[in-house]
Amino acid sequence: MTEQVPGKVDMDKLVSLCKRRGFIFPSSEIYGGLGACYDYGPLGAELKNNVKKAWWKAAVQDRDDMVGLDASILMHPQTWVASGHVEGFADPLVECKQCHQRWRADHIKDGKCPACGGELTEPRMFNLMFKTFVGPVEDEASVVYLRPETAQGIFVNFQNVLNSTRRKLPFGIAQMGKSFRNEITTGNFIFRMREFEQMEIEYFVKPGTDEQWFKHWVEQRFNWYSNLGIKKENLRLRQHTKDELAHYARDCYDIEYLFPIGWSELEGIANRTDFDLKQHSQYSGKDLSYFDEETKEHIMPYVIEPSAGVDRSVLAFLADSYDEEKDKEGLRVILRLHYALAPIKVAVLPLSRNEKLLPLSKEVYDSLRKCWMVQYDDAQSIGRRYRRQDEIGTPFCVTIDFQSVEDRQVTIRERDKMRQIRVPIEVLKATLEAKLCGESLEVLPPGGKKWLGFE
Ligand code: ATP
């Protein structure tokens, strides 16, 4: 593992919380795991889906100029020739002559093997794409690649989307899904995986308007993370230097996050000019230009590409929301996740297992679970159950006590400041909905009151 940033949650602590509470497990762990592959457990699957939902909402649902796409992972092999991946998607690697471990040449500082200090070979290029075969014959003619990015699925469908949706420039196509890279440097949990998910946008614009749209997307994407609760001091923009830029790119910014391992890329936003559509036009022999009805000219649109990682976002949201507080029982661990991302929105907790509380508790649980992911927990003390929910980021706990059976009122307890209000059951759903949408807990529904009950 890389060095730990002081003041940030320890990566090992995060890994252990993820394992213990069922967010993330090593892939095929009973066989010893598979390097840089991870499985999302019950809570992780919810969190990851919520990240994707939030991205789709911002990228597609909330905009008039965007549409979605879901292209296949396996694509015609020529795609990757045209995109430059067959030729150029490679890292220079060196091998240790002693222990035979391979390392990325650009990650070696003192010319020696980081594992054993041995002598290293000269760098050799290593392609990061996974190869496989279509059909029964395993020969060169049937080679296909697992896509190393989702973007190319968008470019090859540019005309299909244009023709079927009758879009005018500027417009964009968004896609999320699995990508695969045979990464060499791994080991920072879900920061760098061999199988991961991306969320990518290709935004097509008229040449000449590209710089303005580039700025727009850098801003939009930066705000997406901070609107979802990532602290601004942990986010920064880094412009690529001239020698970092791909030969076709006019400009590129990384949105970087202060991960436990240090500042690293969370998302890249590039102005890719007309490179991709031109390449695919040339290699496929199909004209991928756009007919501008105002000027009656065929033009090759420029492309702005915001390219984000689902898993890296999950890691950033987890690291940023992790908090610890000392209290009389020891340590309270809290995931202060944005409500939109929290895997479980509400927990229903009867004060005890007493059977008098059971019918009403089940009634509340059954009615709330129709709206959100809700957990029912009646094991151990109420304090412990609150702690358990805090640790997985549940925004609200609803407690049913003996008085609830008399007056049909329940207590809502919120995660961050542990404040409590008491509300009639008939307004519970509406109250929770308003609070989950951001209404302050201080706003009381009809018949509601502040509550200083059990803690
Ligand atoms: P890096 O320099 O960290 O390898 P990259 O510049 O190769 O990343 P891009 O090709 O720009 O990454 O991919 C866009 C986004 O996809 C990245 O910002 C990251 O969030 C995500 N991503 C890329 N590779 C991986 C990976 N191996 N594991 C997890 N996420 C990844």
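Scope of this entry: the structure provided in the associated data block. (Residues numbered from 1 in each chain as written. Predicted model: local features only at pLDDT ≥ 70, side-chain atom pairs only at ≥ 80, totals over all residues. Heavy atoms only, no water.)

## With respect to helix α7 (residues 210-227)
Moving on, step 1. The end-to-end C-alpha distance of α7, which contains 18 residues, comes to 25 Å, matching closely the 26 Å that a straight helix rising 1.5 Å per residue would cover.
Moving on, step 2. Every buried residue of α7 is accounted for by Asp210, Trp213, Phe214, Trp217, Val218, Arg221, Phe222, Trp224, Tyr225 and Ser226. (Helix = DSSP H or I, 4+ residues; strand = E, 2+ residues; numbered from the N terminus. Expected span 1.5 Å × (residues − 1). Buried < 20%, exposed > 50% of the residue type's maximum accessible area, 1.4 Å probe, protein only.)

## Some details on the sheet that holds strand β19 (residues 346-350)
Moving on, step 1. If you trace the 6 strands from one edge of the open sheet to the other, you get β20-β19-β21-β22-β23-β24, paired in mixed fashion. One side of each edge strand has no neighbouring strand; the edge strands of this open sheet are β20 (374-376) and β24 (449-450).
Moving on, step 2. Relative to β20, β19 is paired through 3 bridges, and the arrangement is parallel. From the neighbouring strand, Val346 faces β20, where its bridge partner is Val374.
Moving on, step 3. Sheet contacts for helix α10 (residues 358-368): β19, β20 and β21 (396-400); angle to β20, the most-contacted strand, approximately 160°. (Pairing = 2+ DSSP bridges. Contact = heavy atoms within 4.5 Å. Axes fitted to C-alpha atoms, helices over the stretch in contact; angles between N-to-C directions.)

## Observations regarding the site of the ligand
Moving on, step 1. For the ligand, the set of nearby residues contains 15 residues, the closest of which are Glu183, Arg192, Met193, Glu265 and Leu266.
Moving on, step 2. At 2.9 Å from an oxygen atom of the ligand is found a main-chain nitrogen or oxygen belonging to Leu266.
Moving on, step 3. Arg312 is positioned such that a nitrogen or oxygen atom in its side chain is 3.0 Å from an oxygen atom of the ligand.
Moving on, step 4. Protein chains shield 80% of the accessible area of the ligand, which is 600 Å² for the free molecule.
Moving on, step 5. The residue makeup of the shell around the ligand, split by class, is 5 nonpolar, 4 polar and 6 charged. (Near = heavy atom within 4 Å. Polar contact = N/O pair within 3.5 Å; in protein donor to acceptor, adjacent residues only side chain to side chain. Areas by Shrake-Rupley, 256 points an atom, 1.4 Å probe, with all protein chains shown as cover. Nonpolar A, V, L, I, M, F, W, Y, C, P; charged D, E, K, R; others polar.)

## Quick word on the sheet that holds strand β11 (residues 235-239)
Moving on, step 1. In space, the 7 strands of this open sheet follow the order β3-β9-β10-β16-β13-β12-β11, with mixed pairing throughout. Only two strands of the sheet have a single partner each, and these edge strands are β3 (66-69) and β11. This sheet shows a mean twist of 25° between the axes of neighbouring strands, independent of strand direction.
Moving on, step 2. Bridge count between strand β13 (residues 262-271) and strand β16 (residues 302-309): 5 bridges; the pairing is antiparallel. Bridge pairing in β16 places Gly268 opposite Ser307.
Moving on, step 3. Each of β3, β9 (171-180) and β10 (195-205) is contacted by helix α6 (residues 158-165), which is oriented at about 140° to β9, the strand it contacts most.

## Quick notes on the packing of α10 against helix α13 (residues 428-436)
Moving on, step 1. Contact geometry for α10 and α13: axes closest at 11 Å, N-to-C directions at 50°. What the angle tells us is that α10 and α13 run oblique. Considering only the axes of α10 and α13, their crossing is right-handed. Only Leu428, Lys429 and Leu432 of α13 make contact with α10, whose side of the interface consists of Val364, Ser367 and Leu368.
Moving on, step 2. Of the residues belonging to the contact of α10 with α13, the class tally is 4 nonpolar, 1 polar and 1 charged. (Parallel < 35°, antiparallel > 145°, perpendicular 65-115°, else oblique. Left-handed = near helix turned anticlockwise from the far one by under 90°.)

Everything listed here is a matter of geometry and, on its own, says nothing about what the molecule does.
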